Amino acid sequence: QNAKVYNMKIFFNIDYRTNWGESVYIVGSIPALGENDESKAVKMEFDSRSAWGLNLELAKAAGDFEYRYIVRNDNGYTKREWGKPHKFQHGRGVSAYEIFDMWQDQPAEKPFYSSAFGDCIFRRTAPSKPLPVKNAVVRLQVNAPTVRPDQVLAICGSSAQTGCWDPAKAIIMNDSDFPQWSVNLDIKDIEIPFQYKFVILNAATHEVVEWEEGDNRTFGITPERKQESLVVNGLSFRDCQRPWRGAGVAIPVFSIRSKDDFGVGDFMDIKLMVDWAAETGQQFLQLLPINDTTMTGTWTDSYPYNANSTFALH
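Residues numbered from 1 in each chain as written. Predicted model: local features only at pLDDT ≥ 70, side-chain atom pairs only at ≥ 80, totals over all residues. Heavy atoms only, no water.

Things to note about the overall build of the chain
- A count of helices and strands for the chain gives two helices and 20 strands.
- By the compact-globule yardstick of 20 Å for 314 residues, the chain is too spread out, its C-alpha radius of gyration being 24 Å.
- In terms of its C-alpha atoms, the chain occupies a principal-axis envelope of roughly 70 × 50 × 40 Å.
- Of all 314 residues assigned to the chain, the portion counted as buried reaches 41%.
- In the chain, the proportion of contacts linking residues at least 24 apart, taken out of those at least 6 apart, comes to 65%.
- By element, 51% of the accessible surface of the chain is carried by carbon and sulfur atoms, the whole surface being about 18,500 Å².
- Measuring between centres, the 33 positive side-chain charges of the chain sit 4 Å from its 40 negative side-chain charges. (Helix = DSSP H or I, 4+ residues; strand = E, 2+ residues; numbered from the N terminus. Rg over C-alpha atoms; globule rule 2.2 N^0.38 Å. Buried < 20%, exposed > 50% of the residue type's maximum accessible area, 1.4 Å probe, protein only. Contact = heavy atoms within 4.5 Å. Areas by Shrake-Rupley, 256 points an atom, 1.4 Å probe, with all protein chains shown as cover. Lys, Arg positive; Asp, Glu negative; His and termini not counted. Charge placed at Lys NZ, Arg CZ, Asp CG, Glu CD.)

What about the environment of Tyr-113?
- Within the secondary structure, Tyr-113 is located in the loop between strand S9 (96–101) and helix H1 (115–121).
- Judged by relative accessible area, which is 24%, Tyr-113 ranks as partly exposed.
- Spatially, the C-alpha atoms of Tyr-113 and Thr-146 are 8.8 Å apart, while their sequence positions differ by 33 residues.
- Tyr-113 has contacts with Trp-82, Pro-107, Asn-143, Pro-145 and Pro-179, leaving out every residue within four places of it along the chain.

Some points on the packing of aromatic side chains
- In the structure shown here, the tally under the stated rule is 21 aromatic pairs.
- For the ring pair Phe-65 and Phe-88, a centre distance of 4.8 Å and an interplane angle of 25° mean the geometry is stacked. Taken together, the residues span a long stretch of sequence, with Phe-65 in strand S6 (residues 65–73) and Phe-88 in strand S8 (residues 86–88) at a distance of 23 residues.
- Through a chain of ring-to-ring contacts, the aromatic side chains of Phe-12, Phe-65, Tyr-67, Tyr-69, Phe-88 and Tyr-97 assemble into a single cluster.
- Over the aromatic face of Tyr-25 sits the side chain of Arg-72, whose NZ or CZ is 4.5 Å from the ring centroid. (Phe/Tyr/Trp six-rings, centres within 6.5 Å; stacked < 30°, edge-to-face > 60°. Lys NZ or Arg CZ within 6 Å of the ring centre and 35° of its normal.)

Some thoughts on the sheet that holds strand S14 (residues 180–186)
- Judged by pairing direction, the sheet is mixed, and its eight strands sit side by side in the order S4-S5-S1-S9-S18-S10-S14-S13 without closing on themselves. Taken across any chain shown, the strands that pair with only one partner, and hence form the sheet edges, are strand S4 (45–46) and strand S13 (174–177).
- Pairing of S4 with strand S5 (residues 51–58), which is carried by two bridges, proceeds in the antiparallel orientation. Looking at the pairing, Glu-45 lines up with Gly-53 of S5. (Pairing = 2+ DSSP bridges.)

Quick notes on the pattern of salt bridges
- Counted under the stated rule, the structure contains seven salt bridges.
- Of the charged contacts in the structure, one is a salt bridge between Lys-9 and Glu-57, with a shortest N-O distance of 4.0 Å. Of this pair, Lys-9 sits in strand S1 (residues 8–15) while Glu-57 sits in strand S5, placing them 48 residues apart in sequence.
- Taking the relative accessible area as the measure of exposure, Lys-9 reaches 41% and is therefore partly exposed.
- Given a relative accessible area of 39%, Glu-57 falls into the partly exposed group.
- Here Asp-175 makes a salt bridge to Arg-124, at a shortest N to O gap of 3.0 Å. Of the two residues, Asp-175 sits in strand S13 while Arg-124 sits in the loop between H1 and strand S10 (137–143), which places them 51 residues apart along the sequence.
- Linked by salt bridges that have partners in common, Glu-212, Arg-217 and Arg-238 make up one network. (Salt bridge = Lys/Arg side-chain N within 4 Å of Asp/Glu carboxyl O.)

Looking at unusual backbone geometry
- Residue Pro-179 is reached from Phe-178 by a cis peptide bond, and omega for that bond is 15°.
- Its location among the elements puts Pro-179 in the loop between S13 and S14.
- Positioned with a positive phi, Asn-36 is a non-glycine residue whose angle comes to about 65°.
- Here Asn-36 is to be found in the loop between strand S2 (22–28) and strand S3 (42–43).

Quick word on the side chain of Asp-266
- On the secondary structure map, Asp-266 appears in the loop between strand S19 (248–251) and helix H2 (269–279).
- A polar atom in the side chain of Asp-266 sits 3.2 Å from the backbone nitrogen of Phe-262.
- Apart from the residues lying within four places of it in its own chain, the contact partners of Asp-266 are Val-253, Ile-256 and Asp-261. (Polar contact = N/O pair within 3.5 Å; in protein donor to acceptor, adjacent residues only side chain to side chain.)

Thoughts on the pairing of strand S20 (residues 284–287)
- Pairing between S19 and S20: four bridges, direction parallel. Residue Ile-251 lies in a different strand from S20, and its bridge partner there is Leu-287.
- Regarding the hand of the β-α-β motif, the stretch spanning S19, H2 and S20 is right-handed. (Right-handed = clockwise from strand over helix to strand, strands pointing away.)

Some details on the pairing of strand S15 (residues 194–202)
- Among the nine residues in S15, seven count as buried, and that is most of the element.
- When strand S11 (residues 151–157) meets S15, the two strands line up antiparallel, connected through seven bridges. Counted as the bridge partner of Leu-153 is Ile-200 from S15.
- Once S15 ends, the chain turns through five residues before running back antiparallel as strand S16 (residues 208–211), passing His-206 with a positive phi of about 65°.

Here it is as structure tokens:
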């Protein structure tokens with residue numbers, strides 16, 4: 001009567017080449033993965049030259065959760081992933097998941113993952129609804145933070161389901177979790193192996209803007225179970241577009257003047273400054289520090305970047 005009832009199986013896989021004395025662990029937001037306490041992280045099993053795996057059995061009530069991979073060395077050193085944690089999304093009626101992750105190192109395009117781009121400059125004005133998790137589906141997830149607001153990312157490949165290399169038949173990917181893009185492919189319709197590439201299309205006309213650079217990608221994973229949900233996560237778009245450039249202005253608040261201010265620069269004048277920046281095609285407005293720097297009562301307090309509080313207004 002006290003036996004545990006498991007009705008959801010998750011098979012984690014990560015291709016990570018460890019050095020001698022290193023092991024890969026998973027820590028996550030659920031009790032089975034330590035509740036984000038690294039001291040309770042679960043050690044994975046080494047099952048090939050560079051692949052690590054973990055089979056987890058949970059009750060479906062576990063729902064969605066977040067997790068990270070860490071690498072521990074016998075000498076006490078711990079290596080952690082960059083960026084946001086991985087997300088596990090539970091699907092209704094799905095009882096088995098096979099997840100293939102990639103280690104998240106700091107990307108070369110790191111600035112484009114900031115809120116300045118994701119929430120402002122490259123913000124998706126009409127994002128897709130979240131992609132559902134289903135049985136017998138392969139989900140591909142790729143990070144592509146440099147796709148412009150008037151563009152979409154699509155997958156095009158050698159299989160009939162991915163358009164037979166015809167970009168007019170390419171599958172437009174889901175941008176609900178931008179800068180991550182996702183697509184669901186029905187397992188029963190997949191011709192394994194098949195080759196594919198990601199391609200940027202004009203959002204309005206669906207004309208090709210840029211194919212990603214490099215060789216064709218190959219999908220060759222055969223699902224272990226016909227009804228499972230298989231996820232390939234952590235792919236990175238190989239962008240060959242002309243690098244993005246943006247103009248802006250840096251200004252101290254006391255230099256922002258309007259006919260209605262007190263002559264010293266007011267916060268409300270920043271709104272007028274933003275309007276002017278938008279009219280002139282600028283993307284950035286940087287205010288020089290305005291924090292309280294009074295600490296010693298001497299001339300050294302005049303240094304504007306030495307704020308006396310990490311929570312000060314900036």
